Amino acid sequence: MTDTTTPDISPWKRTHYCGVLRPEHAGADVCLMGWVQKTRDMGHLAFVDLRDREGLVQVVFLSDKAALIEEAKKLRAEFVVGIKGTVRTRQARNKDLATGEVEVEAKELKIFAASKVPPFAVADPPQASEELRFKYRYLDLRRPAMQRNFKLRHDAALRTRTYMSGHGFYEIETPFLINSTPEGARDYLVPSRIHKGRFYALPQSPQIFKQTLMLSGFDRYFQIVRCFRDEDLRADRQPEFTQIDVEMSFIDREELFGLMEGLMATLFDLVGEKLTLPFRRLSYAEAMEKYGSEKPDLRVPFEMKDLTDVARTLGADVLKAAVAAGGEVKGLLIPGAAGLSRAQLDKLGDRAKALGAKGLVWIKKQDGFKSALKLAEGELASIWAALGGGEGDLALLIADKRATALKALGEIRRTWPVENAGERRAFAFAWLTDFPLMEWSDEERRLVSMHHPFTAPLDEDVPYLETDLARVRAKAYDLVLNGVEIGGGSIRIHDTALQRRIFDALGLPPKETEQKFGYFLEALNYGTPPHGGIALGFDRLIMILAGEESIREVIAFPKTTSALCLYTNSPSDVSERQLSELGLKLK
């Protein structure tokens, strides 16, 4: 008959976590509780590695306690147990274990729960596919790396709240059930039971609410908030995510930058990193021209240069034809890379084509010039001088439409292996500023806001709102780290008339503007202070701090790349009764 009684825990009170025991605890009587990592039956001895959230410690069962040692031999991986015993110094130190100088001599053992054989071992690195790990996420989360990640996440949230409070910010919650907006990614819609046929949307951002808090007089707001976007997923995206949301009144860009740099310094101190402040500032135009990206990885020490004027003087038909067709020639010098083989250079050419370029031209100087193009020595020397090349260097050129050349060469630059290990471990921050206010959307076949429609244009560009939208730059900024955008924000529009002009420029019909934003436009009429803010991707920050490659490793219950929760099998079907209550019918 199966024993269904619940073990009495009352006589068992934990005195220490397993992972905190050190030589100074030798001789102390302890009560530990946790999961069995593994067991070793030595006949006259039994060893159990006991694990909890703080780490692992070895427990030894001695032969002079026959009944106890026999009970210990019944233990299997992931059994939940309590052990009372005495800490003692280990004869053979385990240098790979934080508790490797001590062990616990067991005096009592209590089994609180048995475990089935797990579908994979709870160990680092992961011992199963991501799909299996997500299905049994509760087992995957027991891994020491995951326990560390979530302690780091907790500590980062705590430091954020302490820092923001210390700089005069209030944490204020904003609604999760709001109205759908026409800009940005797709909304998650929530049908209303009471108002059948009408829908709430889950917020992609608390944007309007945090701006409303500024005109409500709170001056400085922040929130560690959950947001939702129904979009295709990548390693650094999830349908629900967390951001540090910030808004401030009577603020200019530089003051906001300083406050956020201080926050970054506070957070990176958690992992022993001392950041150099202030961060580098780059305009959007400069970043695109030098790095071919609006989120450049500044650990890669190469910069692109424009060679269009030089190309006009050369005899190469392929370069001259691209320029004559309105294209440009971009070049990238890679010091010391002249030793690449022809096969390696051909692969780079294939990569450029895969990125949309017509091809790639290479030039290297290694006992004289060698090139994919037939050019005179003097012509090659003019390119080399423009790039600042030296002996043993390699140059890569792309001649194409400007956007195509920048994108393709910029991507080759971004993924170039960084040889110096110190550079790979570095944290290279930068602020990107002066973004275009609008960008073309192929999906919608119109100009849309590059950030959101509440971003203020640069004062000097306001006159072009009705005449040359592509020329208008925004008071917008992104915080970039190692090629990852970890935050974005802007100085906001606080004038009703200017806000209406932006909605008109976006092509929003007046009726839709009133329906979606009429309440906010009305609020702007009652004395709105100049204000601005930023949203920092909390999941991405923790991912970088933890040294992980995906935000799924720092989110407790993430979705797969197809937006499924394998643990709860959601999304799931709902009953006809539920649909009927909402006034809905599936097609």
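Up top is the structure these notes are about.
Basis of the calculations
- Residues numbered from 1 in each chain as written.
- Predicted model: local features only at pLDDT ≥ 70, side-chain atom pairs only at ≥ 80, totals over all residues.
- Heavy atoms only, no water.
- 1 Å grid on protein atoms, 1.4 Å probe; cavity = no way out; pocket = protein on both sides within 12 Å on 5 of 7 lines; lining within 4 Å.
- Points joined across faces, edges and corners; volume = space filled by probe spheres on them.
- Phe/Tyr/Trp six-rings, centres within 6.5 Å; stacked < 30°, edge-to-face > 60°.
- Helix = DSSP H or I, 4+ residues; strand = E, 2+ residues; numbered from the N terminus.
- Buried < 20%, exposed > 50% of the residue type's maximum accessible area, 1.4 Å probe, protein only.
- Lys NZ or Arg CZ within 6 Å of the ring centre and 35° of its normal.
- Contact = heavy atoms within 4.5 Å.
- Axes fitted to C-alpha atoms, helices over the stretch in contact; angles between N-to-C directions.
- Parallel < 35°, antiparallel > 145°, perpendicular 65-115°, else oblique.
- Left-handed = near helix turned anticlockwise from the far one by under 90°.
- Nonpolar A, V, L, I, M, F, W, Y, C, P; charged D, E, K, R; others polar.
- Core = buried A, V, L, I, M, F, W, Y, C linked by side-chain atoms within 4.5 Å.
- Pairing = 2+ DSSP bridges.
- Patch = residues over 30% accessible without salt bridge, like charges linked within 9 Å, V, L, I, M, F, W, Y side chains within 5 Å.
- Areas by Shrake-Rupley, 256 points an atom, 1.4 Å probe, with all protein chains shown as cover.
- Salt bridge = Lys/Arg side-chain N within 4 Å of Asp/Glu carboxyl O.

A. Examining empty space enclosed by the protein more closely. Enumeration according to the criterion identifies 1 cavity of 30 Å³ or more in this entry. What lines the largest cavity is simply Phe134, Arg137, Phe557, Pro558, Cys565, Leu566 and Tyr567.

B. Here's a closer look at the packing of aromatic side chains. Across all of its chains, the model carries 18 aromatic pairs by this definition. Measuring from centroid to centroid gives 6.2 Å for phenylalanine 454 and phenylalanine 503, while their planes differ by 90°, and the two rings are edge-to-face. Here phenylalanine 454, found in the loop between β19 (446-449) and β20 (476-481), pairs with phenylalanine 503, found in helix α14 (residues 496-505); they are 49 residues apart in sequence, far enough to count as distant. Residue phenylalanine 454 is classed as buried on the basis of its relative accessible area of 5%. Here phenylalanine 503 falls in the buried class, since its relative accessible area comes to 1%. Following the ring pairs from residue to residue traces out a cluster consisting of Tyr136, Tyr138, Phe557 and Tyr567. For lysine 84, the ring lying beneath its charged end belongs to tryptophan 12, and the centroid distance is 4.6 Å.

C. View of helix α16 (residues 538-546). Most of α16 sits inside the fold, with 8 of its 9 residues counted as buried. Listed in full, the buried residues belonging to α16 are Phe538, Asp539, Arg540, Leu541, Ile542, Met543, Ile544 and Leu545. Where α16 is buried, its residues meet α4 (144-166), β10 (240-249), α6 (253-268), β20, β21 (484-491) and β22 (531-537). Taken from the residues just after α16, glycine 547 is the one with a positive phi, measuring 75°.

D. Expanded view of the packing of helix α10 (residues 342-354) against helix α12 (residues 402-414). At a minimum axis distance of 9 Å, the contact between α10 and α12 shows a crossing angle of 130°. Between α10 and α12, the interaxial angle falls into the category oblique. Here α10 runs over α12; the crossing is right-handed. Judged by residue contacts, Leu348, Arg351 and Ala352 of α10 engage Ala408, Glu411 and Ile412 from α12. Looking at the contact of α10 with α12 residue by residue, the class counts come to 4 nonpolar, no polar and 2 charged.

E. Up close: the nonpolar core. Counting 55 residues, the largest nonpolar core has Leu394, Leu396, Ile398, Ile412, Trp416 and Leu465 as its most contacted members. In terms of residue count, the dominant contributor to this core is α12 (5 residues). Not counting residues up to four positions away in its chain, the partners in contact with leucine 396 are Lys330, Gly331, Leu332, Ile334, Leu348, Leu360, Val361, Trp362, Leu409, Ile412 and Trp416. One finds Ile491, Leu541, Val554 and Ile555 within the second-largest nonpolar core, a separate group that totals 41 residues.

F. Structural context of the sheet that holds strand β2 (residues 46-52). Spatial ordering of the closed barrel is given by β1-β2-β3-β5-β4, a layout of 5 strands whose pairing is mixed. Taking the axes of each pair of neighbouring strands and ignoring which way they run, one obtains an average angle of 55° across the sheet. The pairing of strand β4 (residues 80-89) with strand β5 (residues 102-113) spans 10 bridges and is antiparallel. Bridging from a neighbouring strand, threonine 86 pairs with glutamate 105 of β5.

G. Just a nonpolar patch on the surface, in detail. A cluster of nonpolar side chains, namely Tyr138, Phe557 and Tyr567, defines an oily patch on the protein surface of about 310 Å² accessible area. Position of tyrosine 567 relative to the elements: it lies in the loop between α16 and α17 (576-582).

H. Quick look at the layout of surface pockets. Approximately 880 Å³ is the volume attributed to the second largest pocket. Taken together, 34 residues line the second largest pocket, and the ones lying closest to its centre are Glu54, Gly55, Leu56, Pro144 and Arg148. Elements with a contribution of two residues or more to the lining of the second largest pocket: β1 (29-41), β2, β3 (55-61) and α4. Per-element accounting of the lining of the second largest pocket gives the leading share, 10 residues, to α4. Of the residues assigned to the lining of the second largest pocket, the class counts are 11 nonpolar, 9 polar and 14 charged.

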